[in-house]
Amino acid sequence: MGKVVGIDLGTTFSAIAYIDEKGQPQIIENKQGNRITPSAVLFGGKKPVVGERAKEKSIADPGNYESFVKRHMGERNYIFTARNGDTFNAEKISSLILSKLKQDAEYRLGESIDGAVITVPAYFSDPQRNATRDAARLAGIEVLDIINEPTAAAIAFGIIKNLTTKQRIMVYDFGGGTFDVSILDIDEDNITVIATNGNHKLGGYDIDREIFKWAKEEAEEAGFDIESDIKALQSLMIQAEKAKKELSFEDETTITVYIRGEEFTVTLDREVFEEEFVNDIIGRTLSTMQNAMDDAGLKYDDIDKIILVGGSTRIPKVREEIERVTGIKPSAEVHPDEAVAIGAAFHAVDVARQKADGSFNSGVQATDSEKDFTIDKDSLPVLDKSYSFRDVTSHGIGIVVDGGDRFINSVIMDKNTPIPAQIICDEYQTSAPNQEAIFLQVTQGEDEDLQYTMIIGEAELKLRPREYLVQLRIIVTCDSDAIIHVHAIDFDKGFDKSNGVPLGEVKINRERFNMTEEELIEAEKHIHRLNIGD
Ligand SMILES: Nc1ncnc2c1ncn2[C@@H]1O[C@H](COP(=O)(O)OP(=O)(O)OP(=O)(O)O)[C@@H](O)[C@H]1O
Ligand SMILES: [Mg+2]
């Protein structure tokens, strides 16, 4: 009988956890004996290498090395080309990382991994969530559920602390590639997300880049031709991250790289580091945090606790600034690198039990493989406590409308709407008399300006022409798995039918962002041939 696990698929580091027979959460070490695994892949050998060995060896072969692909999930035009010409999209690279986690966990536990809950940033859009699901499929992992990282951290916090009274908490998750903030109410057995906000392009990696740019300029000023030495550039990027980590504990650090065989050393002290490289980035997290508070209609006095999650919260300045702005001393009660995977592992046991009972309902139709999921209920650990939770939409959902001088985004379902949800909107009409069809484009995003909005689906829906403008009803539905449906109805007042005439559904255009079924089948063959090296 196998195990079910929780996986935190991070931008820079990933972690995998399970719940032991005694109901205690355990992080599963990788083959190298580490509790977190760099989300990095090196090609070029017989088999791709994933994790710390990929990172270490990348200096000798930077052209075959790829990392930070989580930032490209749901982007169809992102491709990494290995030096032998093989190409990989973000799903494929992520699937190699997931395969390594699965393979090492099976090696450590001596059992198969039968299912996993995988976490994503709360701020991930619909296509990014689908891409994560596809990556798991390519890795041969049965996805039990996809949940938001801050919610997973809150589950871990609630269970480990055995909460019995209601608390309003803020999860401040500052990782390697993304910043997420969620405000949640948590009591003995329920988690209700009130608001969530974030930036999926803001993380510790951005601080590394700042240090890297500065050190590179220093090297150039000292007369080194670093630009032409790609191995030195790769080494500098790794040194920049190391220096940043050291400055969380030391007042000063040195960076040393060999450029065309010659040593270059530069010193960085904490004051300059904070002033030049982190204050601005922390400031951006603080204003996102304020936006989440505004969305929730709350003041910092209303928050009982701020929980820190993510490796970048180890930077002392992050903690100081949060306390300065909110007046609340942030809590380090959960492990910043492990809480998300642990919360996911607790949820995995819960979902597996519900699936075994036939009581699990994610709100989406089960796929064939999900229907086949079987697990021996008696093999699951008994939990003293479990949480049911209600999440919110992380982006507005709307349609494109004629705004007079330009086309604009008109939001129908606001962000932070508790899901599942349905919004019915009767405010739209055709733009000209005798229109024979409407061209409906579905948007994801808050901004009126289409430049900052994603078009996630579109369809031309036929209409019976009339000499006047026809009123339309648009229905937006979002189920508990954050899957969106949009329907249009001819709602002409002249009609006798009070419910109007259905015009059809605008299908979310997955192929625009995600792999098609045919591509997935092809990719499965390719990935399974590759196998992960040690
Ligand atoms: N002591 C430290 N001081 C400063 N930064 C640190 C420290 N330890 C780890 N980090 C940084 O934390 C980041 C990794 O955090 P984490 O593992 O939570 O992120 P992730 O899960 O990979 O990313 P994300 O959640 O954004 O997808 C890296 O940028 C790493 O350099
Ligand atoms: Mg993370």
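Residues numbered from 1 in each chain as written. Chains lettered and ligands numbered in written order. Predicted model: local features only at pLDDT ≥ 70, side-chain atom pairs only at ≥ 80, totals over all residues.

A. Fine view of the site of ligand 1. As a matter of local geometry, ligand 1 sits amid 22 residues, with Gly-10, Thr-11, Gly-175, Gly-204 and Gly-311 nearest to it. Mapped onto the shell around ligand 1, the elements with two or more residues apiece are α5 (204-221) and α6 (230-246). Looking at the shell around ligand 1, the element that brings in the most residues is α6, giving 3 residues. A per-class count over the shell around ligand 1 returns 3 nonpolar, 13 polar and 6 charged. Both domain 1 (3-161 + 336-392) and domain 2 (204-274) contribute no fewer than three residues apiece to the shell around ligand 1. (Near = placed C-beta within 6 Å. Helix = DSSP H or I, 4+ residues; strand = E, 2+ residues; numbered from the N terminus. Nonpolar A, V, L, I, M, F, W, Y, C, P; charged D, E, K, R; others polar. Domains from an automatic or database assignment.)

B. Inspection of the pairing of strand β12 (residues 167-174) at higher detail. Burial of β12 is extensive: 6 of the 8 residues sit out of reach of the surface. Note: β12 against strand β13 (residues 179-186), 8 bridges, orientation antiparallel. Residue pairing in the sheet places Tyr-172 in a bridge with Val-181 of β13. Counting the residues in the hairpin turn of β12 and β13 gives 4 residues. Examined bridge by bridge, β12 and strand β17 (residues 305-309) share 5 bridges and lie parallel to one another. When the sheet's bridge partners are listed, Met-170 is paired in β17 with Ile-306. (Buried ≥ 20, exposed ≤ 12 C-beta atoms within 10 Å, placed from the backbone. Pairing = 2+ DSSP bridges.)

C. Looking closely at the sheet that holds β12. Strands sit in the order β17-β12-β13-β14-β18 across an open sheet of 5 strands; the sheet is mixed. Each edge of the sheet is formed by a strand with only one pairing partner; in this case those strands are β17 and β18 (388-390). Across the sheet, the mean angle separating the axes of adjacent strands is 25° when strand polarity is ignored. As paired elements, β13 and strand β14 (residues 190-199) share 8 bridges and run antiparallel to each other. Bridge pairing in β14 links Ile-183 to Ala-195. Taken strand by strand, helix α7 (residues 270-296) contacts β12, β13 and β14, and its axis lies near 135° from that of β14. (Axes fitted to C-alpha atoms, helices over the stretch in contact; angles between N-to-C directions. Contact = placed C-beta atoms within 7 Å.)

D. Focus on the packing of helix α3 (residues 126-138) against helix α11 (residues 517-530). Direction vectors running N to C along α3 and α11 enclose 45°, while the axes themselves pass 9 Å from each other. Taken together, the axes of α3 and α11 lie oblique to each other. Contacts between α3 and α11 involve Asp-134, Arg-137 and Leu-138 from the former and Leu-520, Ala-523, Glu-524 and Ile-527 from the latter. Of the residues that constitute the contact of α3 with α11, the class distribution is 4 nonpolar, no polar and 3 charged. (Parallel < 35°, antiparallel > 145°, perpendicular 65-115°, else oblique.)

E. Highlighting the domain arrangement of the chain. Looking at the assigned domains, one finds that the chain contains domain 1 (3-161 + 336-392), domain 2 (204-274) and domain 3 (397-512). A C-alpha centroid distance of 35 Å is found between domain 1 and domain 3. Between domain 1 and domain 3, the contact holds 12 residues from the first and 17 residues from the second. For the side of domain 1 that touches domain 3, the element with the highest residue contribution is α3, accounting for 4 residues. Here the residues of the side of domain 1 that touches domain 3 sort into 3 nonpolar, 4 polar and 5 charged.

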